[in-house]
Each structure stands twice: as C-alpha cells, then as structure tokens.
Amino acid sequence: MLPIVGTFVSPSVAIGAGIGAVNIKSVTGATTNANTSLFVFQPLVRKYWNVAGSMYFFGQLAAPIISGKEKQSELKVTQIGLAASGGLDMILGKHFSVEFSYNLANLSFTTLTPKTGNKTTITDFSLAHVANVESAYNTALGGSNPTLTTPLSFGFKFLF
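Notes on the structure in this doc start here. Nothing here was measured: the structure is a model prediction, and the numbers come from that model.

Across its full length, the protein chain carries 1 helix and 9 strands. The helix and strand sequence of the protein chain, counted from the amino end, reads β-β-β-β-β-β-β-β-α-β. Taking all 160 residues of the protein chain together, 33% fall into the buried category. Taking the intrachain contacts of the protein chain between residues at least 6 apart in sequence as the baseline, contacts between residues at least 24 apart amount to 49%.

Structure follows, in structure tokens:
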C-alpha cells in the first residue's frame, strides 16, 4: 500500500507524492532466506480528462525512489525509475472517488550493494509489465521473485 497525497495545480493537472514501505520476506520451511525492508518515495504528476459525467481518464508520470536493506546479508538496495500509468477515476460524491490504474511502461535502475564484494546495477524496461524481474535481483533477495511495482492499482481518494 502506497498512500498518495496531492493537490491540483490547475483544474485538470495534479501533483503529489506517495510515501510508504515495502517488505519482502522469503521463507523456506523454518529458514528465512531474505527479509528486506524498503522505503518508497514517489513524486508524481497527473493529467485528467473528463470522459462522461463524474468519470475521468487520467495519465500519470511518476518517479519512484526506493531504498533499503536486506537484513540477513546486509545487502543495500537502491532503485530510481520512471513509470507511466493510465487509469479511470470515478467521483462518487462531493468528497470521495474510486480509481483504477494500470502501469503501462516502467524504466528502473536498481543498484545492489553487498556488504563485501562488487555492487551490481540492473537496468529494467518493461511495457505493460510484461518483463520479468532480473535474475541477479531475484537471487540477491533470496529467490522471493519480487517486483517493486505492481501493474494494477486500486484506491480511494478523499477530495478536500
């Protein structure tokens, strides 16, 4: 879950940021293979177009910044990226709406820095989230096959 706070800078353009945490844990039997805690900061801008009545289509460009550490191996994880999404926003009342969005394109640069040894930098580009996670990244996080962004989002929005 990544809560987003924002404000409209014009009647159809909003800026905001998401702030949250991602935890990835990989367990086999009684053994913990990986336990990663990551902090996420994601500035974003959205453009809205009215479709009909209280339904809006929006396009979003976000720049997620993710940083954290795998606790067992003390591996540091840093990721910066750009993500383009599209979605629908349905206003249900004066102060409430529901939105659905889909990650259309994602470009990310991930750096894995082990406690000892050489750091690894992974560049990933995916369209409509069809690309898999880089194998070096998956191995470093204990085979948990993580993806740091999800393609489909659903949320509630409170309008003030």
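That covers the picture; the talk isn't over yet.
Considering the arrangement of structural elements, one finds T121 in strand 8 (residues 120–127). Residues T121 and Q79 lie 42 residues apart in sequence; the distance between their C-alpha atoms is 9.4 Å. Once you skip the residues sitting within four places of it in the chain, T121 turns out to touch T110 and T111.

As a further point, take unusual backbone geometry. A negative phi angle is the norm for most residues apart from glycine, just as the trans form is the norm for most peptide bonds. Although it is not a glycine, E74 adopts a positive phi angle of roughly 60°. Using a relative accessible area of 32% as the deciding quantity, one classes E74 as partly exposed.

This part takes up the packing of aromatic side chains. Taken as a whole, this structure holds 7 aromatic pairs when the rule is applied. Here F100 and F154 contribute two aromatic rings whose centre-to-centre distance is 4.9 Å and whose plane-to-plane angle is 45°, an arrangement assigned as tilted. Linking F100 in strand 7 (residues 96–113) with F154 in strand 9 (residues 152–158), this pair joins segments that are 54 residues apart in sequence. Lying over the aromatic face of F58, R46 brings its terminal NZ or CZ to 4.0 Å of the ring centre.

Here the focus is the pairing of strand 1 (residues 4–10). As paired elements, strand 1 and strand 2 (residues 13–28) share 6 bridges and run antiparallel to each other. Pairing of S10 across the sheet is with V13, part of strand 2. In this antiparallel pair of consecutive strands, strand 1 and strand 2, the connection spans 2 residues.

Okay, the environment of I80 next. Following the sequence through the fold, I80 ends up in strand 6 (residues 75–93). Linking I80 and P64, residues 16 residues apart in sequence, is a C-alpha distance of 5.8 Å. Those residues in contact with I80, other than ones at most four positions away along the chain, are P64, I65, L107, S108 and F109.

Residue placement: Q42 occurs in strand 3 (residues 31–52). Exposure remark for Q42: the relative accessible area of 12% places this residue in the buried category. Q42 has contacts with L2, G16, A17, G18, Q60, A62, A63 and P64, leaving out every residue within four places of it along the chain.

Here we take up the pattern of salt bridges. For the coordinates displayed, the defined rule picks out 4 salt bridges. Among the ionic pairs, R46 bridges to E99, the shortest N-O distance being 2.8 Å. Pair noted here: R46 is in strand 3 and E99 is in strand 7, with a separation of 53 residues, a long-range link. When sorted by exposure, R46 lands in the same class as E99, which is buried. For K157, the salt bridge goes to E99, with nearest N and O atoms at 3.7 Å. Of this pair, K157 sits in strand 9 while E99 is found in strand 7, placing the two residues 58 residues apart along the sequence. Here K157 matches E99 in class, with each residue buried. Here the salt bridges do not stand alone but share partners, grouping R46, D89, E99 and K157 into one network.

Criteria and cut-off values
Residues numbered from 1 in each chain as written. Predicted model: local features only at pLDDT ≥ 70, side-chain atom pairs only at ≥ 80, totals over all residues. Heavy atoms only, no water. Helix = DSSP H or I, 4+ residues; strand = E, 2+ residues; numbered from the N terminus. Buried < 20%, exposed > 50% of the residue type's maximum accessible area, 1.4 Å probe, protein only. Contact = heavy atoms within 4.5 Å. Phe/Tyr/Trp six-rings, centres within 6.5 Å; stacked < 30°, edge-to-face > 60°. Lys NZ or Arg CZ within 6 Å of the ring centre and 35° of its normal. Pairing = 2+ DSSP bridges. Salt bridge = Lys/Arg side-chain N within 4 Å of Asp/Glu carboxyl O.

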